[in-house]
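Survey of secondary and tertiary structure
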Amino acid sequence: MTQPLEFGLDTFGDVTTGPDGDLLAQPQVIRNVVEEAVLADRHGIDFFGVGEHHRKDFAISAPEVVLAAIAAQTSKIRLGSAVTVLSSDDPIRVFQRFSTLDAISNGRAEVILGRGSFIESFPLFGYDLSKYEELFKEKLDLFSEIVSKDVVNYRGDWRAPLEDQRIYPPIGDGRLKTWIGVGGSPESVIRAVRYDMNLMLAIIGGDPARFVPYVELYKKASDQAGRTPGGIGVHSPGYIAESDEQARRDLFPHFKKIRDRLGKERGWPPVTEQDFENEIEHGSLYAGSAETVAQKIATTVRTLGISRFQMKYSAGPMDHDKLMQSIELYGSKVVPLARTLLDESPK
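Nothing here was measured: the structure is a model prediction, and the numbers come from that model.

1. Here we look at the pairing of strand 9 (residues 198-202)
Strand 9 sits mainly inside the fold: 4 of its 5 residues count as buried. Relative to strand 9, strand 8 (residues 177-182) runs parallel, the two sharing 4 bridges. Its bridge partner being in strand 9, G181 is matched across the sheet by M200. For the handedness criterion, the β-α-β arrangement of strand 8, helix 6 (residues 186-194) and strand 9 is classed as right-handed. Sheet analysis places strand 9 next to strand 10 (residues 232-240), joined by 4 bridges and oriented parallel. Bridged to L199 within strand 10 is I232.

Below you can see the structure in the form of structure tokens.
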């Protein structure tokens, strides 16, 4: 493994239930996410990511603001998005927000860029959904110029040209760490190589081994481009409890709620308990005791040769206290066990 192995957590700010079983208000959910990140930092987790959504079941629409609040209360954990929907944003403002976060956090900011699996941001910000691919490509062109050059020159179809333009504030030291989020498109893998960016594989279902060809493509294309491959990460859902049985009892009702809710929007059939069990046993759901989850993570790391495993710890409306317990077990037990299994010493 050419790069040190990192362990991360991320969340979409899922709206969770309170002690009375009712859904919490979104402002409280945001405050809880900050508390969850502080706990992750306390347990030595390497990265904490926050997703961007614009809908009632997810509370976070401005990740950089939440991350800045986290930065002020943490000291070591790296902070980034999971993901930033670049297609419906302005690349200059995205860079400025993350370079500001980098300053606040003393160099701990990074960004994961993607097209997003939800489309609410397009009508919200006045973008034509029919230009979904075109907008991402052009905006990524500009973002690449900004992160790699001090002076930007850009011409495209979606905005006025830029000539000899400097973007402020700059990154204090080095270059903003940037990832391309990939859900299963070889073109996105090639894009990550073309722009000399890291590769984040969103593996949310099925056997992780099916992504081996994407890892091989990334490495081969990097070699052909005369570049050293960047970091390769995996983002997958998970939940840890004291035992496998407890994890499954805790998680299934919430797993079903969120999957069925999304399924109604996307034409998926309702999730069965057997579907849930199959994802744990053979797919990309890292749920169980610390020992079980550590073993499964170690297998994925070996299979794909990744340099970061990033677990989406939020699970639909599951309550904040259970998420905190899962984070604590991830940091105190899963990560050390996985490192031992992989013969990896902490950084």
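2. A short note on the packing of helix 3 (residues 91-104) against helix 5 (residues 132-148)
It is the contact of helix 3 with helix 5, at a shortest axis distance of 9 Å, that shows an interaxial angle of 40°. When the interaxial angle is binned, helix 3 and helix 5 end up oblique. Considering how the two elements wind past one another, helix 3 and helix 5 form a crossing that is right-handed. Where helix 3 abuts helix 5, its residues P91, I92, V94 and F95 lie against K139, L142, F143, I146 and V147. Taken together, the residues of the contact of helix 3 with helix 5 break down into 8 nonpolar, no polar and 1 charged.

3. A look at the side chain of H235
Here H235 lies in strand 10. A polar contact of 2.9 Å, which involves the side chain of H235, links it to the side chain of D10. Those residues within four positions of H235 in sequence are excluded, and the remaining contacts are D10, F12, M200, L201, A202, I203, I204, Q310 and K312.

4. A look at helix 5
With 17 residues, helix 5 should reach 24 Å at 1.5 Å per residue; the first-to-last C-alpha distance of 24 Å fits that figure. Among the residues of helix 5, L135, F136, E138, K139, L140, L142, F143, S144, E145, I146 and V147 are the ones counted as buried.

5. So, the pattern of salt bridges
A full pass over the atoms with the stated rule returns 21 salt bridges. In this structure, R97 and E64 form a salt bridge, with 3.0 Å as the shortest nitrogen-oxygen distance. Placement of R97 in helix 3 and of E64 in helix 2 (residues 63-71) is noted, with a sequence separation of 33 residues between them. Judged by relative accessible area, which is 8%, E64 ranks as buried. Members of the salt-bridge network, linked through shared partners, are E6, R78, E110, K177 and R308.

6. Focus on the packing of helix 8 (residues 244-266) against helix 9 (residues 273-282)
Following both chains from N to C, one finds helix 8 and helix 9 inclined at 120°, their axes separated by 11 Å at the closest point. One element, helix 8, and the other, helix 9, form an angle in the oblique class. Note on packing geometry: the crossing formed by helix 8 with helix 9 is right-handed. Across the interface between the two elements, R248, L251, F252 and F255 of helix 8 pack against E273, F276, E277, I280 and E281 of helix 9. The residue makeup of the contact of helix 8 with helix 9, split by class, is 5 nonpolar, no polar and 4 charged.

Cut-off values and rules
- Residues numbered from 1 in each chain as written.
- Predicted model: local features only at pLDDT ≥ 70, side-chain atom pairs only at ≥ 80, totals over all residues.
- Heavy atoms only, no water.
- Buried < 20%, exposed > 50% of the residue type's maximum accessible area, 1.4 Å probe, protein only.
- Helix = DSSP H or I, 4+ residues; strand = E, 2+ residues; numbered from the N terminus.
- Pairing = 2+ DSSP bridges.
- Right-handed = clockwise from strand over helix to strand, strands pointing away.
- Axes fitted to C-alpha atoms, helices over the stretch in contact; angles between N-to-C directions.
- Parallel < 35°, antiparallel > 145°, perpendicular 65-115°, else oblique.
- Left-handed = near helix turned anticlockwise from the far one by under 90°.
- Contact = heavy atoms within 4.5 Å.
- Nonpolar A, V, L, I, M, F, W, Y, C, P; charged D, E, K, R; others polar.
- Polar contact = N/O pair within 3.5 Å; in protein donor to acceptor, adjacent residues only side chain to side chain.
- Expected span 1.5 Å × (residues − 1).
- Salt bridge = Lys/Arg side-chain N within 4 Å of Asp/Glu carboxyl O.

Purely geometric stuff here, so don't read any function into it on its own.
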